[in-house]
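Notes for the structure review
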Amino acid sequence: MIARPKPVIGCRTARRVRGFSLISAIFLLVVLSALGVAMVTISTTHQTAAALDVQGARAYQAARAGIEWGLYRQLQPPVVPCFAPTSFALPAGSTLSGFTVTVTCTLTTGPGTLNRWQITSTACSQPAGTPASCPNPNPGADYVQRRMQVDF
């Protein structure tokens, strides 16, 4: 009987482990890349949401400025039934520049001589039409609009 040499187990194991290391390294790179892409996406979404939140606060202040303008205009003597709808852009160089405000007034007469005025102010970041007015029926992705109403 011829004696066969026993296989060296250490050599086979070393070859197998070397192949496994390559597969695990590729898997680790793919997982880390996916994690990096997810983190960038979440960060971008967060930054966009924060910017739109700030724009929403500015739009609210622009609509409030429109209400104050409408009240001032309506209460100036002589008191007229109501002023015509008016749109205006807020001044450049201010924190509210880039917003357009549309202010409307409606008169409702009650029993006797009781009059009730309703002033509505709509501020938006992307006005539509010529002359520019709010709201915009076909806004873009970063469109912001706020509407306020006061009765007196």
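Let us look at the structure shown here. Note that the structure is predicted; figures quoted are calculated from it, not measured. (Residues numbered from 1 in each chain as written. Predicted model: local features only at pLDDT ≥ 70, side-chain atom pairs only at ≥ 80, totals over all residues. Heavy atoms only, no water.)

**Points about the pairing of strand S2 (residues 100-109)**
Going by this rule: Two strands pair if DSSP finds at least two bridges between them. Comment: elements are numbered from the N terminus, with helices defined as DSSP H or I runs of at least four residues and strands as E runs of at least two.
With four bridges connecting them, strand S1 (residues 86-89) and S2 associate as antiparallel partners. Bridge pairing links Thr-86 to Val-103 in S2. With 10 bridges joining them, S2 and strand S3 (residues 115-124) adopt antiparallel strand pairing. When the bridges of S3 are listed, Val-103 appears paired with Ser-121. Connecting the antiparallel pair S2 and S3 is a turn made up of five residues, with Gly-112 showing a positive phi of about 75°.

**As for the state of the cysteines**
The following threshold applies: The disulfide criterion used throughout: a pair of cysteine sulfur atoms within 2.5 Å. Throughout this description, buried means an accessible area under 20% of the type-specific maximum (1.4 Å probe, protein chains only), exposed means over 50%, and partly exposed covers the range between.
The tally for this structure, following the rule as stated, stands at two disulfides. The side chain of Cys-82 participates in a disulfide bridge whose partner is Cys-105; the two sulfur atoms lie 2.0 Å from each other. Here Cys-82 and Cys-105 share a disulfide; its torsion about the S-S bond, -65°, makes the bridge left-handed. With a gap of 23 residues between them, Cys-82 in the loop between helix H1 (9-75) and S1 and Cys-105 in strand S2 connect regions that are remote in the sequence. By relative accessible area, which is 13% here, Cys-105 ends up buried. Cys-124 shares a disulfide with Cys-134; S-S distance 1.9 Å. Since a negative S-S torsion denotes a left-handed disulfide, the Cys-124-Cys-134 link at about -75° is left-handed. Here the residue Cys-124 occupies a position in strand S3, and Cys-134 occupies one in the loop between S3 and strand S4 (145-151), the gap between them amounting to 10 residues. By relative accessible area, which is 8% here, Cys-134 ends up buried. Described in terms of the sequence order of its bonded cysteines, the disulfide pattern of the protein chain is 1-2, 3-4.

**Considering the sheet that holds S3**
Inclusion rule: Axis definition: a line fit to C-alpha positions, over the contact stretch in the case of helices; interaxial angles, taken between N-to-C directions, run 0 to 180 degrees.
In spatial order, the strands read S1-S2-S3-S4; together these four strands make up an open sheet with antiparallel pairing. The open sheet is flanked by S1 and S4, the only strands paired with a single partner. Between one strand and the next, the sheet's axes are offset by a mean angle of 15°, whatever the strand orientation.

**Here's the deal with the pattern of salt bridges**
For the record, the criterion: Salt bridges are defined by distance alone: a side-chain nitrogen of Lys or Arg within 4 Å of a carboxyl oxygen of Asp or Glu.
Scanning the model with the defined rule gives two salt bridges in all. Between Arg-64 and Glu-68 there is a salt bridge, and its shortest N-O distance comes to 3.4 Å. With a gap of four residues between them, Arg-64 and Glu-68 both fall in helix H1, about one helical turn apart. Classification of Glu-68 by relative accessible area gives partly exposed; the value is 46%. Its salt-bridge partner being Arg-116, residue Asp-151 comes within 3.8 Å of it at the nearest N-O pair. Within this pair, whereas Asp-151 is found in strand S4, its partner Arg-116 is found in strand S3, the two being separated by 35 residues in sequence. For Asp-151, a relative accessible area of 41% translates into the label partly exposed.

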